[in-house]
Amino acid sequence: MGEEEQLERFQSRNNIIVYGVSESQSEEAESRKTHDKMKLMLVAAVGVVLAIGYDTPTCDERQTIVHLFEWKWSDIAAECERFLGQAGYCAVQVSPPMEHVLASEDGYPWWQRYQPVSYQLESRSGTRTEFIDMVQRCNAVGVR
C-alpha cells in the first residue's frame with residue numbers, strides 16, 4: 001500500500017476532511033509571511049539602534065552622570081565649569097525645573113518639587129533665565 005492510500009485510509013477512518021488551498025490563497029499566505037518577516041526585521045533594526053544609542057549617549061565614550069538634585073541652577077553651572085567637565089562627566093540630572101507647590105508648613109520637603117502647578121521654569125532652584133544659563137554653561141564644557 002502506497003503512502004497516498006495509507007493517508008486516505010487514515011483520513012476516512014478518522015473522519016478527516018481535507019480541503020484544497022487555491023493558488024491565490026497560497027500566494028496570499030506567502031505574501032503575509034514575507035510582510036511579517038519584514039516587520040520583524042524592522043523592529044529588530046530599531047531595537048539595535050536604540051540599544052546602541054542607549055549604550056553610547058553621544059558623550060564621546062563618557063557614560064557617567066551625576067545627580068545634583070536640590071541644587072540651585074547657578075551652583076550647578078559653576079560645578080560644571082569647576083569640576084564636572086574636567087572630570088569627564090557626561091551629564092548632570094537636576095530636580096524638576098517647573099513651578100511647584102510650596103509646602104512651607106512641612107518645612108519645604110523634597111517631594112514638593114514633584115507637585116507641579118505650571119510649566120513655568122520657576123522653582124526654588126532659580127529662574128528660567130538661570131536655568132537657560134546653567135544649560136548653556138554646562139554644555140560649553142561638554143556636560144549635558
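Residues numbered from 1 in each chain as written. Predicted model: local features only at pLDDT ≥ 70, side-chain atom pairs only at ≥ 80, totals over all residues. Heavy atoms only, no water.

**Q** Would you mind going over unusual backbone geometry in detail, with residue names and values included?
**A** For E70, which is not glycine, the phi torsion reads 75° and is therefore positive. Relative accessible area serves as the criterion here: at 34%, E70 is assigned to the partly exposed category. Of note, Y108 is a non-glycine position whose phi angle comes to about 55°, a positive value. Secondary-structure assignment places Y108 in the loop between β2 (91–93) and α4 (128–140). (Buried < 20%, exposed > 50% of the residue type's maximum accessible area, 1.4 Å probe, protein only. Helix = DSSP H or I, 4+ residues; strand = E, 2+ residues; numbered from the N terminus.)

**Q** Describe the side chain of S125, naming the residues involved and giving the relevant values.
**A** Mapping S125 onto the fold places it in the loop between β2 and α4. Judged by relative accessible area, which is 3%, S125 ranks as buried. One polar contact links the side chain of S125 to the main-chain carbonyl oxygen of W71, over a distance of 2.9 Å. (Polar contact = N/O pair within 3.5 Å; in protein donor to acceptor, adjacent residues only side chain to side chain.)

**Q** Explain a nonpolar patch on the surface to me, and be specific about the residues and the numbers.
**A** On the surface, F69, W110, W111 and Y114 cluster together to form a nonpolar patch covering roughly 460 Å² of accessible area. By the element assignment, Y114 lies in the loop between β2 and α4. By relative accessible area, Y114 is classed as partly exposed at 39%. (Patch = residues over 30% accessible without salt bridge, like charges linked within 9 Å, V, L, I, M, F, W, Y side chains within 5 Å. Areas by Shrake-Rupley, 256 points an atom, 1.4 Å probe, with all protein chains shown as cover. Salt bridge = Lys/Arg side-chain N within 4 Å of Asp/Glu carboxyl O.)

**Q** Just give me the short version of the environment of A103, but keep the residues and values in it.
**A** The topology assignment puts A103 in the loop between β2 and α4. Overall, A103 belongs to the buried group, its relative accessible area being 4%. Taking the C-alpha atoms as reference points, A103 and Q115, separated by 12 residues in sequence, lie 9.8 Å from one another. Apart from the residues lying within four places of it in its own chain, the contact partners of A103 are Y108, P109, W111 and Q112. (Contact = heavy atoms within 4.5 Å.)

**Q** Could you give an account of the state of the cysteines, with specific residues and numbers?
**A** All told, the structure shown has one disulfide when counted by the stated rule. Note that C80 is cross-linked by a disulfide to C138, the S-S spacing being 2.1 Å. Residues C80 and C138 are joined through a disulfide that is right-handed, its torsion about the S-S bond being 85°. You can see C80 sitting in helix α3 (residues 73–87) and its partner C138 sitting in helix α4, a full 58 residues away along the chain. Looking at C80, the relative accessible area reads 0%, which means it is buried. In this structure C138 comes out as buried when scored by relative accessible area, which is 2%. (Disulfide = S-S within 2.5 Å.)

**Q** Mind laying out the packing of aromatic side chains, listing which residues take part and the relevant values?
**A** Any pair of aromatic rings gets described here by the distance separating the centres and the angle formed by the planes. Counted under the stated rule, the structure contains three aromatic pairs. Between the aromatic rings of F83 and Y89, the centroid separation amounts to 6.0 Å while the plane-to-plane angle is 50°, which identifies the pairing as tilted. Given the relative accessible area of 41%, F83 is considered partly exposed. (Phe/Tyr/Trp six-rings, centres within 6.5 Å; stacked < 30°, edge-to-face > 60°.)

**Q** For α3, give the residues involved together with the corresponding values.
**A** An ideal rise of 1.5 Å per residue puts 21 Å on 15 residues; α3 measures up with 19 Å between its terminal C-alpha atoms. Roughly 50° is the biggest bend found in α3, and it falls at C80. In this fold, the buried residues of α3 make contact with β1 (65–67), β2 and α4. G88, located one to two residues past α3, shows a positive phi value of around 90°. (Expected span 1.5 Å × (residues − 1). Bend = angle between axes of the 7 residues up to and from the residue.)

Note that every value here comes from positions in space, so none of it alone points to a role or purpose.
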